[in-house]
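# Structural features, examined
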Amino acid sequence: MDTAISLRELASRAAHDDVARDQLVRRVRDLALRYARVRLGRFGAEDLAQDVAQEVCMAVVAAVPTYEERGLPFEAFVYRIAAHKLADVQRVEMRGATPVADLPDRVDAAPTPEEAAVARDEAGLALALLQKLPEAQREILILRVAVGMSTEETADAIGMSPGAVRVAQHRALARLRTMLTQLEAGEVA
């Protein structure tokens, strides 16, 4: 996969080039999947994250023929679609129960219940601390750390300058460190 070609360029080629469309879908899927995994925030929500990534890909492919350049990177367009799809999934999940899979016939090589509980607790702690950050700082950390966007891509996606993104990211990480230190010391974070 050629990551030297921007998503914007792939999108402009995708309307008439199947190879470009396939590359666009792969890159959009990776971006959407990383974003969905973090935003869903629940341990074990992999199936939902996969579904959201698939829906984002379908929406992007459907929108490519009518996509209009507005001066923002194509990643910002994908990010907005992913945010809307995630909001839809989260609304549905809050309303209904999730079906349980059948019991397996063989021994599972997955983490033990204790390991899973520790991982779930650590993930829950990280997400709880993340939720205490202001929305802008939280989004910046998600886009930079979990999704893997560059500073410039993040800045374009949320309408800030790259310098402002760097400062906000630094402040968010410092605030998380402080909250974790207070929590470990038994203070209220």
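Note: the structure precedes this text.
Quick summary incoming for the structure in this document. Remember, it's a predicted structure, so these values are computed and weren't measured experimentally. (Residues numbered from 1 in each chain as written. Predicted model: local features only at pLDDT ≥ 70, side-chain atom pairs only at ≥ 80, totals over all residues. Heavy atoms only, no water.)

## Some details on the nonpolar core
To keep it simple, the criterion reads: In this text, buried Ala, Val, Leu, Ile, Met, Phe, Trp, Tyr and Cys residues form a nonpolar core when linked through side-chain atoms within 4.5 Å. Exposed residues in this analysis have more than 50% of their type's maximum accessible area, buried residues have under 20%, and partly exposed residues fall in between, with area computed by a 1.4 Å probe over protein chains only. A helix here means a DSSP run of H or I that spans at least four residues, while a strand means a run of E at least two residues long, and both kinds are numbered starting from the N terminus. It only takes one pair of heavy atoms within 4.5 Å for two residues to be counted as in contact.
One finds Leu24, Tyr35, Val56, Val60 and Phe74 to be the most contacted residues of the largest nonpolar core, which totals 43 residues. Every element with two or more residues in this core is listed here: α1 (7–14), α2 (18–40), α3 (46–63), α4 (74–95), α5 (113–131), α6 (135–147) and α8 (162–184). Considering every element that reaches this core, the biggest residue donor is α2, with 9 residues. With near-sequence residues (within four places) excluded, Val60 lies in contact with Leu24, Val28, Phe74, Val78 and Ile81.

## Comments concerning α4
Think of an α-helix as turning once every 3.6 residues; residues three or four places apart then point the same way. Which entries qualify depends on this criterion: Take the residue count of a helix, subtract one, and multiply by 1.5 Å to get its expected span.
Between its first and last C-alpha atoms α4 spans 33 Å; for 22 residues at 1.5 Å apiece the expected length is 32 Å, and the two agree. Phe74, Glu75, Ala76, Val78, Tyr79, Ile81, Ala82, Leu86 and Val89 are the residues of α4 that are buried. Against α1, α2, α3, α6 and α7 (151–158) lie the buried residues of α4.

## Some words on the pattern of salt bridges
Stated precisely, the cut-off is as follows: Basic side-chain nitrogens of Lys or Arg form a salt bridge, by our definition, when they fall within 4 Å of a carboxyl oxygen of Asp or Glu.
Scanning all chains against the criterion turns up 8 salt bridges. Two residues, Arg138 and Glu135, come together in a salt bridge whose shortest N-O distance is 2.2 Å. Of this pair, Arg138 and Glu135 both sit in helix α6, separated by 3 residues, roughly a single helical turn.

## Things to note about the environment of Arg29
Here Arg29 lies in helix α2. Among the residues examined, Arg29 registers a relative accessible area of 27% and is labelled partly exposed. In this structure, the C-alpha to C-alpha distance between Arg29 and Thr112, residues 83 residues apart in sequence, is 30 Å. If we skip the residues at most four places from it in the chain, Arg29 touches Gln50, Ala53 and Cys57.

## Looking at the packing of aromatic side chains
Spelled out, the test is: Only Phe, Tyr and Trp rings are paired, with Trp represented by its six-membered ring, and only when their centres lie within 6.5 Å; those with planes under 30 degrees apart are stacked, over 60 edge-to-face, the remainder tilted.
Across all of its chains, the model carries 4 aromatic pairs by this definition. An angle of 55 degrees between the planes, with centres 4.8 Å apart, marks the rings of Tyr67 and Phe77 as tilted. Residue Tyr67 is located in the loop between α3 and α4, and its partner Phe77 is located in helix α4; the two are separated by 10 residues in the primary sequence. Assessed through its relative accessible area of 24%, Tyr67 is described here as partly exposed. The partly exposed category is assigned to Phe77, whose relative accessible area is 22%. Judged by centre distance (5.3 Å) and plane angle (50 degrees), the ring pair of Phe74 and Phe77 falls under tilted. In this pair, Phe74 and Phe77 are both assigned in helix α4, 3 residues apart and thus about one turn of the helix distant. For Phe74, a relative accessible area of 0% gives the class buried.

## Comments concerning α2
Formally: A 3.5 Å cut-off defines polar contacts: any pair of N or O atoms within that distance qualifies, except that in protein one atom must be a possible hydrogen donor and the other a possible acceptor, and neighbouring residues in sequence count only when both atoms are side-chain atoms.
With 23 residues, α2 extends 31 Å between its outermost C-alpha atoms, agreeing within 8% with the 33 Å of an ideal straight helix rising 1.5 Å per residue. Along α2, the positions that sit buried rather than exposed are Ala20, Gln23, Leu24, Arg27, Val28, Leu31, Ala32, Leu33, Tyr35, Ala36 and Leu40. Residues of α2 that are buried in the fold lie against α1, α3, α4 and α6. The residue sitting at the N-terminus of α2 and contributing the capping side-chain oxygen is Asp17; that oxygen lies 3.0 Å from the backbone nitrogen of Val19. Remark: Gly41 follows α2 within two positions and exhibits a positive phi of approximately 65 degrees.

## A look at empty space enclosed by the protein
Worth spelling out the cut-off: Using a grid of 1 Å spacing that covers the protein atoms alone, one calls a set of points a cavity when a 1.4 Å probe fits there but cannot get out, and a pocket when the set is open and has protein on both sides within 12 Å along at least five of seven lines; lining residues are those with an atom within 4 Å of a point. Grid points are joined across faces, edges and corners, and a volume is the space filled by probe spheres set on the points.
Taken as a whole and judged by the stated rule, the model has 1 cavity of 30 Å³ or more. The calculated volume of the largest cavity comes to roughly 40 Å³. Lining the largest cavity, in full, are Leu31, Ala32, Tyr35, Val78, Tyr79, Ala82, Leu143, Val147 and Met149. Those elements giving two or more residues to the lining of the largest cavity turn out to be α2, α4 and α6.

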